[in-house]
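Each chain is listed here by its residues.
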Amino acid sequence: MATSGVQALSPPALTSTSDPPTLFDGTTSYFSPYAQRVWIARNYKGLQDKIKLVPIDLQDRPAWYKEKVYPENKVPSLEHNGKVLGESLDLIKYVDANFEGTSLFPSDSAKKEFGEHLISHSDTFNGDLSSSLRGDPALQARTGTALDYLENALGKFDDGPFLLGQFSLVDIAYIPFVERFQILFAEHFKHDITEGRPKLASWIEEVNKIDAYTQTRIDPQKIVDKYNKRYLGLQDTINLVPIDLQDRPAWYKEKVYPENKVPSLEHNGKVLGESIDLIKYVDANFEGTSLFPNDPAKKEFGEQLISHVDTFTKELFSSLKGDTVQQSSPSFEYLENALGKFDDGPFLLGQFSLVDVAYIPFVERFHIVLAEVFKHDVTEGRPKLATWIEEVNKINAYTETRVDPQEIVDLFKKRFLNRLTSGLQAVRPPPLTSTSDPPPLFDGTTSYSCPYAQRVWITRNYKGLQDKIKLVPIDLQDRPAWYKEQVYPENKVPSLEHNGKVLGESIDLIKYVDANFEGTSLFPSDSAKEEFCEHLISHVDTFNSELYSSLKGDPVLQASPAFEYLENALGKFDDGPFFLGQFSLVDIAYIPFVERFQIVFAELFKHDITEGRPKLASWIEEVNKIDAYTQTRIDPQEIADRYKKRFLCI
């Protein structure tokens, strides 16, 4: 036991660029607690000349290790008598039984039985301690069972300080994990795991007198650093500064990131953006485990997968506009196939990498949405995808970033999926005429063809209020007398009965619905945007008046200033394609009229109102991606026919 220290004798770890040795008589990893078990057993039995250390770099393991040595691609492994064996608990038993040296397992039947019981429990013990790191570790360790289990087990036999009295395979099975957690709890949580556990304290003290074990210990700081990287990461170096995307502060664009998008990172005097570029930058420029492989084949495939991620996400979002299950299938098949490229782990490049980071946020959302809304499991018939999702969900770095699945569902429903209430036209109730009886509650009086009523309809849809504000359509050409007499004396649409009052006027109503019902706010809190919002809304009647007046003269010429006004207004904020950057009440106020006049000018005057107006063109395109609006549109031919009859005497 007079060795000069293990680190001085340890050969360097083999990487993806290393050649294989002639014999794998003891594959290990200096940091792996599983490999440490076999290392201790080897040392204790004095087998240093018979079982050599062949260390593998687990973050950059050579491809030939899996291909030619151990298909499981894990450590430890041992080549002996023409076979390669693995699994640490099996290996320490194998080494004890098949090599010379002091036996590490008792022949006494009671000890033997208890030893097998303790060894079978060791994985549960390790899992309990690892799980404790996800909550309040010190509290969970005190009140839980893991360390108390050891304390109680150490009282079973009193003929020595070890788990079976004398040092054995059972101590070897447990000590690598106790070593790590003792260091972590003391360093991070200022907690002594031996407090109130005298037998555990004595056991650790005695094990640390055994050179066969102490030769395998690594620098405690490396254990702490490894824990920091795995569980704490760069939280102390890169702080979260969340931005409300529906109400982002003006200074963010002006003083921080001119693109006005998230994410962004200020580092070394520069502000960087674009998520894919950023994850590469963070990986390359900050300490911690590398998230991109050195292996050339993996590196090339990783770049290919990352370059495809935008196409992948675009295809998934596009699928929401058609047969979602069928149209999204090729995207998930792409992932299933990609996951079969490397089989040295369950991730896209075998080990967890930037590629998994790039894809999982979108897979998470669509996995939830397809299950909840379409009753479809994206992993059905895709076992590799199922395993990948399961394994990613074991990584705290990811699970800590997940949001409430219901929030994801609600957001997608509001933005994309309201049409799934079985089809817009099919669920529209028939308009009430002069012969119709009044409903018991006027919780959303509208007219399918009225642009003013359409405003409130869009607002209701966008905020997801279909269950709270119902459509009660009125036939404006044959409106029932009781509507004016008993409901709304103004006899106009829209109107809304709420809290015992009937309210009207479309602009007032969209503000009222936004302020008095749950759902995403459609009004900004930023003072500059709020002021411009009020200005645009106050101008909307003038805008409409100018457009209607143009139909009495030279429509194309006379309507031009109105559309130019919109083009200029759309240049005020560039943090999005809408009037206030993000979709708001302003867009809702204008779009019903722009919709109608775009159709009328194209159909009757052969004129494209977006010609020479790129911002207006982009705005119309983006609004048409919002289901809350598209559900309210009517047949363009109806619009054209109505305007012909009303204005052109055709």
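Residues numbered from 1 in each chain as written. Predicted model: local features only at pLDDT ≥ 70, side-chain atom pairs only at ≥ 80, totals over all residues. Heavy atoms only, no water.

**Q** Can you break down the overall build of the chain residue by residue, with the values?
**A** What the chain contains, in helices and strands, is 29 helices and ten strands. The burial tally for the chain puts 48% of its 650 residues in the buried class. Across the chain, contacts joining residues at least 24 apart in sequence account for 70% of those joining residues at least 6 apart. Here the chain has roughly 31,600 Å² of accessible surface; of this, 50% comes from carbon and sulfur atoms. (Helix = DSSP H or I, 4+ residues; strand = E, 2+ residues; numbered from the N terminus. Buried < 20%, exposed > 50% of the residue type's maximum accessible area, 1.4 Å probe, protein only. Contact = heavy atoms within 4.5 Å. Areas by Shrake-Rupley, 256 points an atom, 1.4 Å probe, with all protein chains shown as cover.)

**Q** Mind laying out the nonpolar core, listing which residues take part and the relevant values?
**A** Grouped together as the largest cluster of nonpolar side chains are 57 residues, with contacts concentrated most on F579, Y590 and W619. Elements that contribute at least two residues to this core include exactly α21 (451-462), α23 (506-516), α24 (527-550), α25 (555-569), α26 (585-604), α27 (614-623), α28 (627-630) and α29 (636-648). It is α26 that provides the largest number of residues to this core, a total of 13 residues. Two domains share this core, each providing at least three of its residues, namely domain 4 (445-516) and domain 5 (527-648). Setting aside anything within four residues of it in sequence, one finds W619 in contact with L570, P577, F578, F579, D587, Y590, I591 and V594. With 47 residues, the next largest nonpolar core counts L85, L89, F114 and I119 among its residues. (Core = buried A, V, L, I, M, F, W, Y, C linked by side-chain atoms within 4.5 Å. Domains from an automatic or database assignment.)

**Q** Pulling in residues and values, what's your account of the environment of F185?
**A** Note on placement: F185 falls in helix α8 (residues 169-189). Relative accessible area serves as the criterion here: at 0%, F185 is assigned to the buried category. Along the primary structure F185 and V224 are separated by 39 residues, whereas in three dimensions their C-alpha atoms are 9.7 Å apart.

**Q** Tell me about the pairing of strand β5 (residues 264-267), and name the residues and values.
**A** Burial along β5 is one-sided: the residues L265 and H267 are buried and none of S264 and E266 is. Pairing geometry for β5 and strand β6 (residues 270-273), over four bridges, is antiparallel. Of the residues in β6, the one forming a bridge with S264 is G273. Adjacent in sequence and paired antiparallel, β5 and β6 are bridged by two residues, among which N268 carries a positive phi angle near 55 degrees. (Pairing = 2+ DSSP bridges.)

**Q** Before we move on, could you go through the pattern of salt bridges and cite the residues and values that matter?
**A** What the rule picks out here adds up to 26 salt bridges. For D148, the salt bridge is made with R197, and the minimal N-O distance between the two is 2.9 Å. Placement of D148 in helix α7 (residues 146-153) and of R197 in the loop between α8 and α9 (198-207) is noted, with a sequence separation of 49 residues between them. On the accessibility criterion, D148 (27% relative accessible area) is partly exposed. The structure contains a network of salt bridges with shared partners spanning E179, R180 and R217. (Salt bridge = Lys/Arg side-chain N within 4 Å of Asp/Glu carboxyl O.)

**Q** Tell me about unusual backbone geometry, and please be specific about residues and values.
**A** The omega angle of the peptide bond from V75 to P76 is 5 degrees, so this bond is cis rather than trans. At the junction of V262 and P263, the peptide bond is cis and its omega measures out at 5 degrees in the coordinates. Relative to the helices and strands, P263 is located in the loop between α12 (250-256) and β5. For N268, which is not a glycine, the phi torsion comes out positive at approximately 55 degrees. Topologically, N268 is positioned in the loop between β5 and β6.

**Q** Describe the confidence of the model for the chain, and please don't skip the residues or the numbers.
**A** Of all residues in the chain, 86% attain a pLDDT of 70 or more, and the chain-wide mean is 84. Confidence over residues 418-426 falls short of pLDDT 50; this stretch has 20 contacts with residues more than four positions distant or in other chains. Confidence drops under pLDDT 50 across residues 441-446; counting only partners more than four residues distant or on other chains, this segment forms 32 contacts. (pLDDT = per-residue confidence, 0-100.)

**Q** I'd like to hear about the packing of α26 against α27, residue by residue, with values.
**A** Two elements in contact, α26 and α27, have axes whose closest approach is 11 Å; the angle formed by their N-to-C orientations is 105 degrees. It follows from the interaxial angle that α26 and α27 lie roughly perpendicular. In contact with D587, Y590, I591, V594 and Q598 of α26, α27 contributes W619, I620 and V623. Grouping the amino acids of the contact of α26 with α27 by side-chain chemistry returns six nonpolar, one polar and one charged. (Axes fitted to C-alpha atoms, helices over the stretch in contact; angles between N-to-C directions. Parallel < 35°, antiparallel > 145°, perpendicular 65-115°, else oblique. Nonpolar A, V, L, I, M, F, W, Y, C, P; charged D, E, K, R; others polar.)

**Q** An account of the pairing of strand β4 (residues 83-86) is needed here, citing residue identities and associated values.
**A** Sheet topology places strand β3 (residues 77-80) next to β4; four bridges connect them, and they run antiparallel. Along β4, the bridge assignment pairs S77 with G86.

**Q** Could you give an account of the packing of α24 against α26, naming the residues involved and the relevant values?
**A** In the contact formed by α24 and α26, the axes pass within 9 Å of each other and the chain directions differ by 15 degrees. If you check the angle between α24 and α26, you find them roughly parallel. Between α24 and α26 the crossing geometry is left-handed. Of α26, the residues touching α24 (which contributes C533, L536, I537, H539, V540, F543, N544, L547, Y548 and S550) are L585, V586, A589, Y590, F593, V594, F597 and F601. Of the residues that constitute the contact of α24 with α26, the class distribution is 15 nonpolar, three polar and no charged. (Left-handed = near helix turned anticlockwise from the far one by under 90°.)

**Q** Quick rundown of the packing of aromatic side chains? Include the residues and the values.
**A** Tallying each qualifying case throughout the model produces 27 aromatic pairs. Look at F532 and F573: their rings are 5.9 Å apart centre to centre, the planes differ by 70 degrees, and that puts the pair in the edge-to-face class. With a gap of 41 residues between them, F532 in helix α24 and F573 in the loop between α25 and α26 connect regions that are remote in the sequence. Classification of F573 as buried rests on a relative accessible area of 13%. (Phe/Tyr/Trp six-rings, centres within 6.5 Å; stacked < 30°, edge-to-face > 60°.)

**Q** Give a description of a negative patch on the surface that names residues and reports values.
**A** On the surface, E372, D404, E407 and D410 cluster together into a negatively charged patch. Looking at the element boundaries, E407 is found in helix α19 (residues 405-417). (Patch = residues over 30% accessible without salt bridge, like charges linked within 9 Å, V, L, I, M, F, W, Y side chains within 5 Å. Lys, Arg positive; Asp, Glu negative; His and termini not counted. Charge placed at Lys NZ, Arg CZ, Asp CG, Glu CD.)

**Q** How would you summarise α7 if you had to cite specific residues and measurements?
**A** Buried within α7 we find A146, L147, L150, E151 and A153. In an axial view of α7, the angular spread of the buried residues amounts to 165 degrees, which keeps them on one side of the axis. (Arc of directions from axis to C-beta.)

**Q** Run through the side chain of S122, naming residues and quoting values.
**A** Within the fold, S122 resides in helix α5 (residues 109-132). Among the residues examined, S122 registers a relative accessible area of 0% and is labelled buried.

**Q** Run through the environment of K253, naming residues and quoting values.
**A** By the element assignment, K253 lies in helix α12. Classification of K253 by relative accessible area gives partly exposed; the value is 26%. On a C-alpha basis, the gap between K253 and F573 in space is 9.9 Å, while along the polypeptide they are 320 residues apart.

**Q** Describe the environment of D310, naming the residues involved and giving the relevant values.
**A** The topology assignment puts D310 in helix α14 (residues 296-319). A relative accessible area of 58% places D310 in the exposed class. With 34 residues separating them in the primary sequence, D310 and I276 have C-alpha atoms 9.8 Å apart.

**Q** Let's hear about helix α13 (residues 275-285): which residues, and what values?
**A** If you check which residues of α13 are buried, you get I276, L278, Y281 and D283. Of the surrounding elements, those touching the buried residues of α13 are β5, β6, α14 and α16 (354-374).

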